[in-house]
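One letter stands for each residue in the lines below.
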Amino acid sequence: MTDQLVADRDSRPRAADAALRRRAAAVIPGGMYGHQSAGPLPPEYPQFLRAGFGARVWDVDGNEYVDLMCSYGPVVLGHRHPAVEAAARSQAALADCQNGPGSVLVELAELLVGTVRHADWAMFAKNGTDATTMCCTIARAHTRRRRILVARGAYHGAAPWCTPRLAGVTPEDRANLGYYTYNDLASVRAAVAEAGADLAGIIVSPFQHDAGFDQELVDPEFARGVRSICTDAGAALILDDVRCGFRLHLGSSWEPIGVLPDLSAWSKAIANGYPLAAVLGSDPFRDAAASIFVTGSFWFSAVAMAAAIATIGALREENALAAMERAGTALSAGILAQAAERGLEVRYTGPPVMPYLTFAGDRDYSLASTFAAAAVRAGVYLHPRHNWFVSAALTDADIAQALAGTDAGFAAVEARLAHHD
Ligand code: PMP
């Protein structure tokens, strides 16, 4: 659709966003990179956002949205949560980036070790990719073997070993990976056999949340199976909890099914939007973790660590996981009822706090895009090709507005299908 057509059917102010996009096109390669680069988001989406509070966000033109993406996961308590902001402010009043860490490094490590059952130690970084990459390095240092098994199609970050795009990636970057199919133990066994004596570890996400596909919850038998395969092979079980951590459980996301990894990677929600990642590990991997060299210019920054301590405190005190579950369940019930009422065949998959909606037969995502474009015009920010995220800040009024937006989305899909009949 041309920009003009988009503008014609959209009554929201868009001028500030359009002006920033034009300027970005000159100084940012491709106008934007990563998630927001030309691709999945329909042109109705604002590129630039100005503010956020609770479960609402505002774009640079002042349009308001109920936020069902939560910054792709980091915002778990809601934007600008008072206790987290206060903790970050008081740490910032002392210092943030110094020659060495503040006391918050130890306090946060103690808190995480006390919160996550498999963890005996913690290390910190900035992004999820840092954490998943460190887990692989620690697994290799511990086992002195090379091969890491990953699920086909899974996302573990943007470094050459795991980025979903192959531009700039060499075969050597992937030479020590093997592949299995999520929830398919036979495929894991085959990949383990292929790795032979060179198996260093298996990395796995808590459930299958590959972008653009219906989500699949973990089969507990699969989780137990990969655990025992790793134990038998002396390899590391690495849980990539970057996306799910602290949304599904306050421990690691497989604690409820009783499967504990050796190493886990965390980022996103652990500091309610402040930049922080963590690697948590068990005692047998402590020496290997101490042996590798990892660091980063901002890895000691104390503000994000103070924010993480406050985030974990608030998640507990406010019973935030139960609040998210309630909000996610209400959203799910409302959305499924809307789709059924219009006779639209949809699949709404994943846990209620991280749902994903697809339309039957929508191979090119055109119905998903129609839905998302109408929803964003009606004031709800969700995503046509990526799972959504529920925050604990969603009030009944937010859910009602979100449902008004999804209903506008379904109406647009219905109109499109009628037009094509
Ligand atoms: N693992 C998973 C499961 C993720 O969802 C992500 C980010 N979407 C990453 C790793 C990488 O995290 P980051 O983008 O912070 O590097």
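Sequence positions are assigned chain by chain, starting from 1 and proceeding in written order. In keeping with the predicted nature of the model, local features appear solely for residues at pLDDT of at least 70, side-chain atom pairs appear and are counted solely at 80 or more, and the whole-chain, interface and lining totals rest on all residues. Values shown for side chains rest on all heavy atoms present in the structure; no hydrogens or waters enter the calculation.

**Some points on the domain arrangement of the protein chain**
In plain terms, the rule: These domain boundaries are the output of an automatic or database domain assignment. Contact definition: two residues touch when any of their heavy atoms are within 4.5 Å. Two parts placed together each lose some accessible area under a 1.4 Å probe, and adding up what both lose gives the buried area. The term salt bridge refers to a side-chain nitrogen of Lys or Arg lying within 4 Å of a carboxyl oxygen of Asp or Glu. Under the rule applied, a polar contact is a pair of N or O atoms within 3.5 Å (in protein, one hydrogen donor and one hydrogen acceptor; residues adjacent in sequence only if both atoms are side-chain atoms). Counting from the N terminus, the helices are DSSP H or I runs at least four residues long and the strands are E runs at least two residues long.
Domain parsing of the protein chain yields domain 1 (3-77 + 319-420) and domain 2 (82-317). One C-alpha centre belongs to domain 1, the other to domain 2, and the line joining them spans 28 Å. Taken together, the contact between domain 1 and domain 2 spans 28 residues of the former and 26 residues of the latter. Taking both sides of the interface into account, the surface hidden between domain 1 and domain 2 amounts to around 2100 Å²; carbon and sulfur atoms contribute 58%. Counting the surface domain 1 buries against domain 2, the share from its top three residues, Leu77, Leu321 and Met354, is 27%. At the surface where domain 1 touches domain 2, the tally comes to one salt bridge. One salt bridge in this structure joins Arg347 and Asp214, with 2.4 Å as the shortest N-O distance. Where domain 1 meets domain 2, there are 18 residue pairs in polar contact (both at pLDDT 80 or more). Put simply, the parts of the chain that give the side of domain 1 that touches domain 2 at least two residues each are helix H10 (320-341), strand E11 (346-349) and strand E12 (356-359).

**Brief notes about the sheet that holds strand E13 (residues 380-381)**
Here is the rule: Note on pairing: two strands pair once DSSP finds at least 2 bridges between them. Helix axes are fitted to C-alpha atoms over the stretch in contact, other axes to C-alpha atoms as well, and angles between N-to-C directions run from 0 to 180 degrees.
Strand order in this open sheet of four strands is E1-E2-E3-E13, and the pairing throughout is mixed. Every interior strand has two partners, whereas the edge strands, strand E1 (49-53) and E13, have only one. Relative to E13, strand E3 (residues 64-67) runs parallel, the two being bridged by two bridges. Along E13, the bridge assignment pairs Val66 with Val380. Its contacts with the sheet put helix H12 (residues 396-420) on strand E2 (56-59), E3 and E13, and the angle it makes with E3 is roughly 105°.

**What about the site of the ligand?**
Here is the rule: In these notes, residues near a molecule or strand are those with any non-hydrogen atom within 4 Å of it. For the area figures, the Shrake-Rupley method with a 1.4 Å probe applies, and any residue is considered shielded solely by the protein chains shown.
Neighbouring residues of the ligand: Asn127, Gly128, Thr129, Tyr155, His156, Gly157, His209, Asp240, Val242, Arg243 and Lys268. Interatomic distance of 2.8 Å between a side-chain N/O atom of Arg243 and an oxygen atom of the ligand. Contact distances for the ligand include 3.2 Å between a nitrogen atom and a side-chain N or O atom of Lys268. Notes on the ligand: free accessible area 390 Å², of which the protein chains cover 89%.

**Some points on helix H4 (residues 104-115)**
This is how it is decided: Under the convention used throughout, the expected extent of a helix is 1.5 Å for every residue step, that is, one less than its residue count.
Taking 1.5 Å per residue, 12 residues should reach 16 Å; H4 reaches 16 Å between its end C-alpha atoms and fits that length. Tucked inside the fold, the buried residues of H4 contact helix H3 (82-94), strand E4 (121-125), strand E10 (277-281) and helix H9 (302-317).

**Here we look at H3**
Residues lying three or four places apart along an α-helix face the same way, a consequence of the helix completing one turn every 3.6 residues. Where we set the bar: The rule is simple: take the accessible area with a 1.4 Å probe, protein chains only, and divide by the maximum for that residue type; under 20% is buried, over 50% is exposed, in between is partly exposed. It is the directions from the helix axis to the C-beta atoms whose arc is reported.
In this model H3 runs 19 Å from its N-terminal to its C-terminal C-alpha over 13 residues, within 8% of the 18 Å that 1.5 Å per residue would give. For H3, the complete set of buried residues consists of Val84, Glu85, Ala87, Ala88 and Gln91. Down the axis of H3, the smallest arc covering the buried residues is 160°, so these residues share one side. Opposite its buried face, H3 presents the exposed residues Pro82, Arg89 and Ala93, each directed more than 90 degrees away. Considering only its buried residues, H3 is in contact with H4 and H9.

**A word on the packing of aromatic side chains**
Here is the rule we go by: Pairing of aromatic rings covers Phe, Tyr and Trp, the last counted by its six-membered ring, and requires centre-to-centre distances within 6.5 Å; plane angles under 30 degrees mean stacked, over 60 mean edge-to-face, and any other angle means tilted.
Tallied over the full model, the rule gives nine aromatic pairs. For the pair Tyr45 and Tyr381, a centre-to-centre distance of 5.0 Å together with 90° between the ring planes defines the contact as edge-to-face. Residue Tyr45 is located in the loop between helix H2 (15-27) and E1, and its partner Tyr381 is located in strand E13; the two are separated by 336 residues in the primary sequence. Look at Tyr45 and you get buried, because its relative accessible area is 1%. Under the relative-accessibility criterion, Tyr381 is labelled buried at 5%. Pairwise contacts between aromatic rings join Tyr45, Tyr65 and Tyr381 into one cluster.

**Some words on the pairing of strand E5 (residues 147-151)**
Each regular strand displays side chains that alternate between the two surfaces of the sheet. Counting buried residues along E5, five of its five residues qualify, which places the element largely inside the surrounding structure. Neither face of E5 is left uncovered, since the one carrying Arg147, Leu149 and Ala151 and the one carrying Ile148 and Val150 both have all their residues buried. Judged from the three bridges that link them, E5 and strand E7 (residues 199-204) form a sheet pairing that is parallel. Paired with Leu149 across the bridge in E7 is Ile202.

**Notes on the sheet that holds strand E8 (residues 236-240)**
Taken together, seven strands build an open sheet; the order of strands is E4-E10-E9-E8-E7-E5-E6 and the sheet is mixed. Looking at which strands have only one partner, the edges of the open sheet turn out to be E4 and strand E6 (177-180). Strand-to-strand twist of the sheet, defined as the mean angle between neighbouring strand axes without regard to direction, takes the value 20°. Relative to E10, strand E9 (residues 263-266) is paired through four bridges, and the arrangement is antiparallel. The residue of E10 that forms the bridge with Leu263 is Gly281.

**Considering the side chain of Ser267**
Within the secondary structure, Ser267 sits in the loop between E9 and E10. A polar contact is formed between the side chain of Ser267 and the backbone nitrogen of Gly128, at a distance of 3.5 Å. With near-sequence residues (within four places) excluded, Ser267 lies in contact with Lys126, Asn127, Gly128, Val242, Leu276 and Ala277.

**Some details on the packing of H10 against H12**
Where we set the bar: Angles below 35 degrees are treated as roughly parallel, those above 145 as roughly antiparallel, those between 65 and 115 as roughly perpendicular, and all remaining angles as oblique. In a left-handed crossing the near helix is turned counterclockwise from the far helix by less than a right angle, and in a right-handed crossing that turn is clockwise. Gly counts as polar in this scheme, as do all residues outside two lists: the nonpolar Ala, Val, Leu, Ile, Met, Phe, Trp, Tyr, Cys and Pro, and the charged Asp, Glu, Lys and Arg.
Here H10 crosses H12 at 30°, and the two axes come no closer than 10 Å. Judged on the interaxial angle alone, H12 and H10 are roughly parallel. Both H10 and H12 take part in a crossing whose hand is right-handed. Side by side, H10 and H12 meet where Ala327, Ala330, Leu331, Gly334, Ile335, Gln338 and Ala339 of the first sit next to Ile399, Ala402, Leu403, Thr406, Asp407 and Phe410 of the second. A class-by-class count of the residues in the contact of H10 with H12 yields nine nonpolar, three polar and one charged.

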